[in-house]
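Structural description and commentary
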Amino acid sequence: MKVDQFKLEQYACMLDDTDMQLWILKDTETYGFVNQAHADFLGKEKKDIENKKLWNVLNEKEAQQCIYSNIKAQQSVSKNVEVFQQKEKIISKEWITNSEGELRLLHITKTPILDEENNVKYIVGKAYDLTEEEERKNKCAISEQQYGALVENQTDFICRFLPNGELTYANKAFCCYLNKQYEELVGKSVLTVVPKDEHEKIKKSLQSFSIEKPIQTYAHSVIDAIGNISWIRWTNQAFFSENGEIIEFQSVGTDITELKNAKKVLEKKVEENKKILHEVIEYDKLKTEFFSNISHELRTPLNLILSTIQLIDYQEKNHIKDLKLRTKLKSIVKQNCYRLLRLINNLIDVTKIDSGYFNMNLGNYNIVSIVEEITLSVSEYIKNKHIHFCFDTNVEEKIMACDPDHIERIILNLLSNAVKFTRLNGNIMVNIYDKGKSIIISVKDTGIGIPKDKQNIIFDRFRQIDKSFTRNHEGSGIGLSLVQSLVKMYKGEIIVKSEENKGSEFIVELPVKILENDIKEVKKRYNNDYVESINIEFSDIYSIE
């Protein structure tokens with residue numbers, strides 16, 4: 001067969017240009033062709049190797065290892081004799097000394113080339129250097145062992161996981177914290193130990209890592225094997241490949257459950273303190289308004305009394321006899337004395353209620369009769385104010401435990417408010433409804449009504465809706481608060497229904513209770529028995545003439 005010399009030269013150049021060592025064995029102990037890489041490794045010229053015996057190229061020991069298979073210490077070496085005998089490719093890893101006297105680990109493949117009669121014509125050998133790769137593996141194995149020994153003795157929780165969340169490692173502290181075995185965690189998603197409502201937050205956090213920002217710290221809750229939830233603060237570090245892709249995450253965690261709980265308690269206390277502070281500020285504001293209002297309430301009647309006395313003194317000094325004027329002046333003095341008395345009574349009663357010393361003289365009374373007498377006693381006064389008045393009830397008698405003085409105080413205060421805010425020719429209606437286990441007293445008017453944004457404060461102490469100087473009535477802002485306190489002492493309830501410019505309705509509901517062995521008949525009181533109470537309760541209603 002004619003051989004193309006040019007092609008042979010090209011093939012030889014190509015084989016010499018590769019880093020892989022290549023050679024031909026004519027028989028078990030004779031070199032044929034060798035490429036430059038193999039010659040360089042042996043530190044010889046190609047001409048000093050080709051067509052030479054292995055004995056003349058290699059040292060005696062290495063030559064024997066390559067040729068024969070009876071060297072017990074080198075059972076893993078691919079022997080030339082074995083290749084020729086078995087007629088099969090043999091792959092091995094062998095430590096061979098190079099030209100510089102260094103032992104190098106080579107990956108060697110020896111492939112027999114057979115003729116038509118299935119006899120070995122020659123062997124093709126190839127090898128590449130594994131020394132550095134092996135050293136890297138050994139170093140990695142040592143580093144892995146050192147890493148494991150280091151992190152296993154840590155009290156902090158340490159784990160590693162892939163970008164898809166799959167755990168690749170969890171130290172003993174983390175396994176014990178979750179009451180789980182190593183095998184129960186590794187290979188599973190890190191999210192299996194995290195409550196579902198935090199999954200999205202963690203996914204977004206992991207997506208935010210970059211080469212510029214490889215370390216991040218955040219906290220989230222975890223669930224252990226028996227369902228207990230606790231909190232861990234994690235410091236995560238991302239490791240990147242050469243092309244900038246995340247290879248793996250490493251996390252170091254610390255239990256912050258107690259700190260988290262303490263923070264919640266602290267936040268709750270801060271909120272409570274803020275609320276208390278706000279209430280104190282509001283209360284101080286109310287007290288300031290109250291004392292300002294009280295000073296006005298005290299000063300106004302005192303000024304009127306003093307001015308009236310000065311006018312009476314002037315009349316006496318100048319011998320002026322005007323009986324009509326004298327009667328009017330005496331009426332002014334009396335009304336303002338009642339105003340002072342009402343204010344003082346309210347302040348004393350509020351103080352007694354706050355300190356728990358307000359007396360309840362309970363007895364079994366017909367409450368319908370009590371309310372009717374009180375309302376009828378004030379009806380003439382209301383009609384004189386050009387206001388229509390009506391009383392109605394669906395029951396004539398309802399015996400229950402109550403204090404008549406308390407009921408009188410409640411009704412007169414509500415009627416006083418109704419008169420204050422009802423215009424001329426308006427209507428005031430008092431109704432009683434029997435609900436069996438409770439009694440309802442309704443005081444309704446067609447007055448100016450209460451704005452919706454003010455209805456929630458009318459029972460607050462010291463609050464007034466109308467603070468203008470042109471109002472046609474005075475008040476300390478205690479009355480409705482006192483009424484509510486009295487109603488609550490009976491375990492009852494008072495509510496208001498109101499619409500601006502259409503009127504208001506105050507509804508008092510009292511539970512019906514009977515005192516054993518105390519059935520009393522309510523003695524009729526004459527209208528003038530209530531005069532003093534009416535004069536006091538209605539003393540802050542006047543007209544500017």
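Look a little higher up for the structure.
Attention in this report is confined to the structure presented alongside it. Quantities reported herein were computed from a predicted structural model and do not represent experimental measurements.

**Considerations on helix 12 (residues 367-384)**
For helix 12, built from 18 residues, the straight-helix expectation of 26 Å at 1.5 Å per residue is met to within 8% by its first-to-last C-alpha distance of 27 Å. V378 marks where helix 12 bends most, by close to 35°. Among all positions of helix 12, only I367, V368, S369, I370, V371, E373, I374, T375, S377, V378, S379 and I382 are buried. Measuring from the side-chain oxygen of the N-cap residue of helix 12 to the backbone nitrogen of V368 gives 3.2 Å; that N-cap residue is N366.

**Quick word on the nonpolar core**
Nonpolar side chains tend to gather and get buried jointly when the protein is soluble and globular. In this structure, I367, V371, L414, L415, F506 and L510 are the most contacted members of the largest nonpolar core, which totals 51 residues. Looking at this core element by element, the count peaks at eight residues for helix 13 (residues 404-420). Ignoring any residue separated from it by four or fewer positions in sequence, one finds F506 in contact with L414, I441, S442, V443, I450, I458, F459, L480, I494, I495 and V496.

**Concerning the environment of N364**
By the element assignment, N364 lies in strand 11 (residues 363-366). Measuring from C-alpha to C-alpha, the distance between N364 and D403 comes to 8.6 Å, with 39 residues separating the pair along the chain. Here L515 takes part through its backbone oxygen, which lies 2.6 Å from a polar atom of the side chain of N364.

**Some details on the pattern of salt bridges**
Summed over the entire model, instances satisfying the criterion amount to eleven salt bridges. R409 is the partner of D349 in a salt bridge, and the nearest nitrogen-oxygen pair spans 2.5 Å. With D349 in helix 11 (residues 323-355) and R409 in helix 13, this pair connects stretches of sequence that are 60 residues apart. One salt bridge in this structure joins K502 and E499, with 3.4 Å as the shortest N-O distance. Judged by its relative accessible area of 58%, K502 is exposed.

**Looking at the pairing of strand 11**
The alternating pattern of strand 11 places G363 and Y365 on one face and N364 and N366 on the opposite face, and all of these are buried. Sheet topology note: the strand 11/strand 13 (residues 399-402) ladder contains four bridges and is antiparallel. The partner of Y365 across the bridge, within strand 13, is M400.

**So, the packing of helix 11 against helix 13**
It is at 14 Å that the axes of helix 11 and helix 13 come closest, and there the two elements cross at 130°. Judged by the inter-axis angle, helix 11 sits oblique to helix 13. You can see that helix 11 and helix 13 cross each other, and the crossing is left-handed. Across the interface between the two elements, R342, N345, N346 and D349 from helix 11 touch R409, N413 and S416 from helix 13. Per-class residue counts for the contact of helix 11 with helix 13 are no nonpolar, four polar and three charged.

**Thoughts on the packing of helix 12 against helix 13**
Where helix 12 contacts helix 13, the axes come no closer than 10 Å and their chain directions differ by 35°. Classified by chirality, the crossing of helix 13 by helix 12 is right-handed. Between helix 12 and helix 13, the contacting residues are I367, I370, V371, I374, T375, V378 and I382 on the first element and P404, I407, E408, I411, L412, L415 and V419 on the second. Across the contact of helix 12 with helix 13, the residue classes break down as twelve nonpolar, one polar and one charged.

What counts as what
- Per chain, the residues get numbers from 1 upward, laid out in the order the sequence is written.
- Totals for whole chains, interfaces and linings use every residue, but because this is a predicted model, local features are given only for residues with pLDDT of at least 70 and side-chain atom pairs only at 80 or more, for both listing and counting.
- Think of the side-chain values as coming from all heavy atoms in the structure, minus any hydrogens and water.
- Elements are defined by DSSP. Helices are runs of H or I of four residues or more, strands are runs of E of two residues or more, and each kind is numbered from the N terminus.
- Expected span of a helix: the number of residues minus one, times 1.5 Å.
- Note on bend: at a given residue it equals the angle between the axes fitted to the 7 residues ending there and to the 7 starting there.
- Burial here depends on accessible area, computed with a 1.4 Å probe over protein chains only, as a share of the maximum for the residue type. Under 20% is buried, over 50% is exposed, and the range in between is partly exposed.
- Any pair of nitrogen or oxygen atoms within 3.5 Å is treated as a polar contact; in protein, a donor-acceptor pairing is required on top of that, and neighbouring residues in sequence qualify only through side-chain atoms on both sides.
- Buried Ala, Val, Leu, Ile, Met, Phe, Trp, Tyr and Cys residues that are joined via side-chain atoms within 4.5 Å together make up what is termed a nonpolar core.
- Contact definition: two residues touch when any of their heavy atoms are within 4.5 Å.
- Just to be clear on terms, a salt bridge is a Lys or Arg side-chain nitrogen sitting within 4 Å of an Asp or Glu carboxyl oxygen.
- DSSP bridges decide pairing: two strands pair if at least two such bridges lie between them.
- Helix axes are fitted only over the stretch in contact, all axes being lines through C-alpha atoms; the angle between N-to-C directions runs from 0 to 180 degrees.
- These descriptions rest on fixed angle ranges, namely under 35 degrees for roughly parallel, over 145 for roughly antiparallel, 65 to 115 for roughly perpendicular, and the rest for oblique.
- By convention, the crossing between two helices is left-handed when the near helix turns anticlockwise from the far helix through less than a right angle, and right-handed when the turn is clockwise.
- As a working rule, the residues Ala, Val, Leu, Ile, Met, Phe, Trp, Tyr, Cys and Pro are called nonpolar, Asp, Glu, Lys and Arg charged, and the rest polar, with Gly in that last group.

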